[in-house]
Amino acid sequence: MATLQPFPLFLLSISFFLITTTNGASPNPFTAKAALIRYWDRKTPNQRPHPSFFLSKLSPLSALDSTTYSSLLSSNPSSLTPHLLTFCSAAHLLCSPWTPSLTSKSPKNSHFANYNNVNFTNYGSHINGDQDSFKNYSQSQIIPVDVFKSYSRDSVFHDENFKTYSPNGTITTDNFTSYASSAVGGAGDFNSYGASTQVSQVNFANYETESNGHTQNFTSYSDANAQGFQTFTQYAKRTNAISTMFTSYSKDNSIGISTFKGYGEGANNPLDEFKKYGTDPGLSHQNFKSYGDHATAGTQSFSNYRGKFDDGDSTFKSYGKVGNNPTLEFSSYGKEKGEGNDHFTSYGEGATDPKVSFKTYKGTPTEFNSYSKTGVTFADYQNSTIQTDNLQSGKTVNIGVEPGKFFRESSLKEGTVMPMPDIRDKMPKRSFLPRDISGKLPFNAIELAKIFDAPSGTALGRAISDTISECERAPSAGETKRCATSAEDMIDFAVSVLGSDAVPRSTETARGSGSNILIGKVKGIDGGRITKSVSCHQSLFPYLVYYCHSVPKVRVYEAEILSVETKEKINHGVAICHLDTSDWSPGHGAFVALGSKPGVIEVCHWIFEGDLTWGKAD
C-alpha cells in the first residue's frame, strides 16, 4: 500500500483563490456547500426553499480544500495541527490565535486608551510618584489569551488606574499575576476584569500583597458571563494600614465555578470590605477559602455572599481565623431558594478578643463546624426557604428572569404588546464542517484540545470539554437527543423524528430585542395543532456543533413582530409553546417569571437568533 505523503503548504492555500459563489449565481457544484444542498434535497424532497439562515452556516470549503483536509485527517488527525491556521481560515472556524510574545515596558505617566494582543511581563514597577492608567485592555476580542505579569510593583506614592481588562470577549483566557504588590502610599483602582464574556477562564494571582498605606478598590471581577471560571489567589495579604474595597465578584454569571483563596490575610490594622460575592440568578459553585485570617486589629466586613436565586453550591472555609482583636461583620450569607448546599466551616475561630457579628445566615444545611464561642452575635440564623410552589398561578414575579423570556400562549395574539428578551446570537460566527471531515475528527476532549491547540487551562479548551460532556450526557426521561457535528447529522436527526417533510425555522433577526414589541399576524404551524419538533441549540466549539433534541407536545407559531410606535414590521419571529411542563423543575425560570408550577401551565418562548426548530412543512 502506498504511503500518503504530506500535502504541500501551497496546495492548502490554493482554495483562497478559488471563487465558489457569485452574487445571484448558483454555488459551484463541487463545493462542500453544494454537496450538502444535494444531500438535503434527497433527504427532504418537499421542494421547499432553502432558508438563508441555514445556508449561511454551511461550510465554505472549496472542492480542493475538502479533499485535501479529508485526506490529511484520514492519514492522522494530529497531522492537521501544523496547518491549523490555514484550515481554520478556509473553513471559517473558531481557533486560538498564536500567543503574542511577552513585552516588558515601564514608561512614565502612560495613558493607554486601547491595547490588544500584547502580553506584559512588567509594567510600571519601582515608579516614584506619577500616575498610570489603562482605559481598555483586550476589549471585544474573540479568543484573547492575555497575560499581565506585573503592574505597579514596588511603586512609591504612585497612583494607577485600570478601567477595563478583557471585557466583551467571546472565549477569554486571562492571567493577571501581580497588581500593586509591595507598593507604598498612593492609590489604585481596578474597575472591571473579565466581564460580559461568553466563556471566561480568568485568574488573578496577587492584588495589593504586602503593600503599605496604598488604598485600593476593585469594582468588578468576572461579572455577567454566560460561563465563568474564576480564581483569585490573594487580595490585600499582609498589608499595613490600608483601606480595600471589593465591590463585586462573579455577579450575574449564568454558570460559574469560582475560587477565592485569601482576602486580607495577615493584614495589620486593615479596613477591608467585600460587598458582593456570587451570582444571582444562576448555577454556581463557589469556594471562598479564607477572609481576614491572622489579621491584627482593624475592621473587616462582608456584605453579601451568594445570590438569592443561585441554585449551585457554596463553601466558605474560614473567616477571621486566629485574628488578634479583630472586628468582623457579616451582613448576609446564603440564599432564599432551597436549591444547592451551603457549608460555612469556620467563623472567628481561635481569634483573640474578637468582636464579630452575623446579621443573617440562611442556608441548607444550617451548619457552623467551628466558630468563636465568645464575642459573637447572631441576629438571624435560620434554615429559611421560599418555595416557588406557593406563588399564585398567573402572577408575574420576574425575579432574576429577563422580561419576555417566557410567556403564555395567550400572548401570541395580534395586537398584544409584550417585552422581547435579548435574542441576539452571542456565539462567535462559525460554519459547519462537512461530515467527511468532522467524522474523522475524534470527538474526545483531550484529543481535540491537542489538535486545535486549546489546552485544558484555556477557555477554549474548557468549552470543548464542556460541550463534549453535555453531548455524552444520558438523555433525560422521554428525551431523544443528538449532538450534530455536521449539517448532514442535523438533517438526519430531524428526518428520523419528523419524517421527510421536515423544515427548519428560526427567528429572522434580533430586531426588537430588549424592548416592547407589538404582535402582528400570527400563524400556527401545522394548522396550530399539537405536534412535535426538533429544537437545536448552538454549542461553543471550534466548528458548529448543535445540541438537538426531540420536543413532544408543542405548538409552534410564526408571528410578525411590529414596532409599537410605528406599527411597521421589524422582524419575523418563531415561537414554541411547551404544553406539558410536568417534568420541569419547580425552580425553573419560567415558573419564577410566570408564577406557577410544573404541569399547571404551558410555557412559550422565542427561538433565539442562531438557534432553530425543525417542524413539519405547511
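Everything numeric here is computed off the predicted structure, so don't read it as measured data.

Rules used throughout
- Residues numbered from 1 in each chain as written.
- Predicted model: local features only at pLDDT ≥ 70, side-chain atom pairs only at ≥ 80, totals over all residues.
- Heavy atoms only, no water.
- Helix = DSSP H or I, 4+ residues; strand = E, 2+ residues; numbered from the N terminus.
- Buried < 20%, exposed > 50% of the residue type's maximum accessible area, 1.4 Å probe, protein only.
- Contact = heavy atoms within 4.5 Å.
- Areas by Shrake-Rupley, 256 points an atom, 1.4 Å probe, with all protein chains shown as cover.
- Pairing = 2+ DSSP bridges.
- Axes fitted to C-alpha atoms, helices over the stretch in contact; angles between N-to-C directions.
- Parallel < 35°, antiparallel > 145°, perpendicular 65-115°, else oblique.
- Nonpolar A, V, L, I, M, F, W, Y, C, P; charged D, E, K, R; others polar.
- Disulfide = S-S within 2.5 Å.
- 1 Å grid on protein atoms, 1.4 Å probe; cavity = no way out; pocket = protein on both sides within 12 Å on 5 of 7 lines; lining within 4 Å.
- Points joined across faces, edges and corners; volume = space filled by probe spheres on them.
- Phe/Tyr/Trp six-rings, centres within 6.5 Å; stacked < 30°, edge-to-face > 60°.
- Patch = residues over 30% accessible without salt bridge, like charges linked within 9 Å, V, L, I, M, F, W, Y side chains within 5 Å.
- Salt bridge = Lys/Arg side-chain N within 4 Å of Asp/Glu carboxyl O.
- pLDDT = per-residue confidence, 0-100.
- Polar contact = N/O pair within 3.5 Å; in protein donor to acceptor, adjacent residues only side chain to side chain.
- Lys, Arg positive; Asp, Glu negative; His and termini not counted.

Peer 1: Before we move on, could you go through the overall build of the chain and cite the residues and values that matter?
Peer 2: The secondary structure content of the chain amounts to 10 helices and 32 strands. The 618 residues of the chain split such that 52% are buried. Once local pairs closer than 6 in sequence are excluded, the contacts in the chain between residues at least 24 apart make up 73%. Roughly 25600 Å² of accessible area belongs to the chain as shown, and the carbon and sulfur atoms make up 50% of that amount.

Peer 1: Describe the pairing of strand E30 (residues 569–578), naming the residues involved and giving the relevant values.
Peer 2: Among the 10 residues in E30, seven count as buried, and that is most of the element. Counting the residues that bridge the hairpin from strand E29 (residues 545–563) to E30 gives five residues, and of these lysine 567 lies at a positive phi of roughly 65 degrees. Two elements, E30 and strand E31 (residues 603–606), share four bridges in a ladder whose sense is antiparallel. Among the inter-strand pairings, cysteine 577 is bridged to a residue of E31, identified as cysteine 604.

Peer 1: Residues and numbers for the pairing of strand E28 (residues 531–539), please.
Peer 2: In terms of burial, E28 is largely enclosed, as seven of its nine residues are buried. The pairing of E28 with E29 spans eight bridges and is classified as antiparallel. Across the sheet, threonine 531 pairs through a bridge with valine 554, a residue of E29. From the end of E28 to the start of E29, which pair antiparallel, there are five residues. As paired elements, E28 and strand E32 (residues 612–616) share three bridges and run antiparallel to each other. Residue pairing for E32: cysteine 536 is matched across the bridge by leucine 612.

Peer 1: Mind laying out the environment of phenylalanine 452, listing which residues take part and the relevant values?
Peer 2: Mapped onto the secondary structure, phenylalanine 452 falls in the loop between helix H7 (445–451) and helix H8 (459–472). Residue class for phenylalanine 452 comes out buried when judged on its relative accessible area of 1%. In contact with phenylalanine 452, not counting residues within four places along its chain, are Leu84, Leu93, Cys95, Leu441, Pro542 and Tyr543.

Peer 1: Could you give an account of the packing of helix H2 (residues 32–43) against helix H9 (residues 487–498), with specific residues and numbers?
Peer 2: Contact geometry of H2 with H9 gives a least axis separation of 10 Å together with a crossing angle of 5 degrees. By the angle between their directions, the pair H2 and H9 is classed as roughly parallel. The segment H2 lies against H9, with Leu36, Tyr39, Trp40 and Lys43 engaging Ala487, Glu488, Ile491, Asp492 and Val495. A class-by-class count of the residues in the contact of H2 with H9 yields six nonpolar, no polar and three charged.

Peer 1: Which residues make up unusual backbone geometry, and what values go with them?
Peer 2: Positive phi, normally seen in glycine, also occurs at phenylalanine 157, with a value near 45 degrees. Positioned with a positive phi, serine 182 is a non-glycine residue whose angle comes to about 60 degrees. Positionally, serine 182 belongs in the loop between strand E7 (171–179) and strand E8 (187–193).

Peer 1: For the state of the cysteines, give the residues involved together with the corresponding values.
Peer 2: Using the criterion set out here, one finds four disulfides in the structure. Disulfide pairing places cysteine 88 opposite cysteine 95 at an S-S distance of 1.9 Å. Handedness here is read from the sign of the S-S torsion; for cysteine 88 and cysteine 95, about -75 degrees, the answer is left-handed. Residue cysteine 88 shares its accessibility class with cysteine 95, and that shared class is buried.

Peer 1: Got a sec to walk through the layout of surface pockets? Specific residues and values, please.
Peer 2: Taken as a whole, the second largest pocket spans an internal volume of roughly 620 Å³. Pro51, Ser52, Phe53, Ser506 and Thr507 are the residues nearest the centre of the second largest pocket, which is lined by 32 residues in total. Residue assignment for the lining of the second largest pocket shows that the elements contributing at least two residues are helix H3 (52–55), strand E26 (502–505) and E30. Among the elements that line the lining of the second largest pocket, the one with the most residues is E26, at three residues. The residue inventory of the lining of the second largest pocket, partitioned by class, reads 10 nonpolar, 10 polar and 12 charged.

Peer 1: Explain the packing of aromatic side chains to me, and be specific about the residues and the numbers.
Peer 2: Going through the model one piece at a time under the given rule, you end up with 56 aromatic pairs. Summarising the aromatic geometry, the rings of phenylalanine 162 and phenylalanine 176 are spaced 5.8 Å apart at their centres and angled 75 degrees between planes, so their arrangement reads as edge-to-face. Taken together, the residues span a long stretch of sequence, with phenylalanine 162 in strand E6 (residues 159–165) and phenylalanine 176 in strand E7 at a distance of 14 residues. Each member of the pair, phenylalanine 162 as well as phenylalanine 176, carries the same accessibility label: buried.

Peer 1: Now, about a nonpolar patch on the surface: what can you tell me, with residues and values included?
Peer 2: Residues Val156, Phe157 and Val184 make up a contiguous nonpolar surface patch of about 250 Å² in total accessible area. Since its relative accessible area comes to 57%, phenylalanine 157 is described here as exposed.

Peer 1: So what's going on with empty space enclosed by the protein? Which residues, and what values?
Peer 2: Applying the stated criterion across every chain yields a total of one cavity of 30 Å³ or more. Each pocket or cavity is described by its volume, and for the largest cavity that value is around 50 Å³. Residue lining of the largest cavity: Arg505, Ile525, Asp526, Thr531, Lys532, Val556, Thr613, Trp614, Gly615 and Lys616, and that is the complete set. Ranked by the residues each element gives to the lining of the largest cavity, the list is headed by E32, at four residues. Residues of the lining of the largest cavity, tallied by class, amount to three nonpolar, three polar and four charged.

Peer 1: Requested: an account of the pattern of salt bridges, with residues and values cited.
Peer 2: If you walk through the whole model with that rule in mind, you get 15 salt bridges. The salt bridge partner of arginine 482 is aspartate 489, with a shortest N-O separation of 3.4 Å. The exposure class of arginine 482 is partly exposed, given its relative accessible area of 33%. Look at aspartate 489 and you get buried, because its relative accessible area is 8%.

Peer 1: Go over the confidence of the model for the chain, please, and point to the residues and values.
Peer 2: Residues at a pLDDT of 70 or more form 81% of the chain, whose mean pLDDT is 79. The model gives residues 1–25 a pLDDT under 50, and that stretch makes 31 contacts with residues more than four places away or in other chains. Scored below 50 in pLDDT, residues 99–107 makes 29 contacts in the model with residues more than four places away or belonging to other chains.

Peer 1: Talk me through the environment of histidine 605; I want residue IDs and the actual numbers.
Peer 2: Here histidine 605 shows up in strand E31. The sequence separation of histidine 605 and cysteine 577 amounts to 28 residues, and the corresponding C-alpha distance is 6.6 Å. Residues in contact with histidine 605, not counting those within four places in the same chain, are Lys405, Phe406, Phe407, Val574, Ala575, Ile576 and His578. At 3.1 Å, the side chain of histidine 605 and the side chain of histidine 578 are in polar contact.

Peer 1: Summarise the side chain of glutamate 160; cite the residues concerned and give the values.
Peer 2: Here glutamate 160 shows up in strand E6. Despite its burial, glutamate 160 remains without a salt bridge, the nearest opposite charge being carried by arginine 153 at 12 Å. One polar contact links glutamate 160 to serine 152, side chain to side chain, over a distance of 2.8 Å. For glutamate 160, the contacting residues outside a window of four places in its chain are Asp132, Tyr151, Ser152, Tyr179, Ala180, Ala187, Gly188, Asp189, His214 and Gln216.

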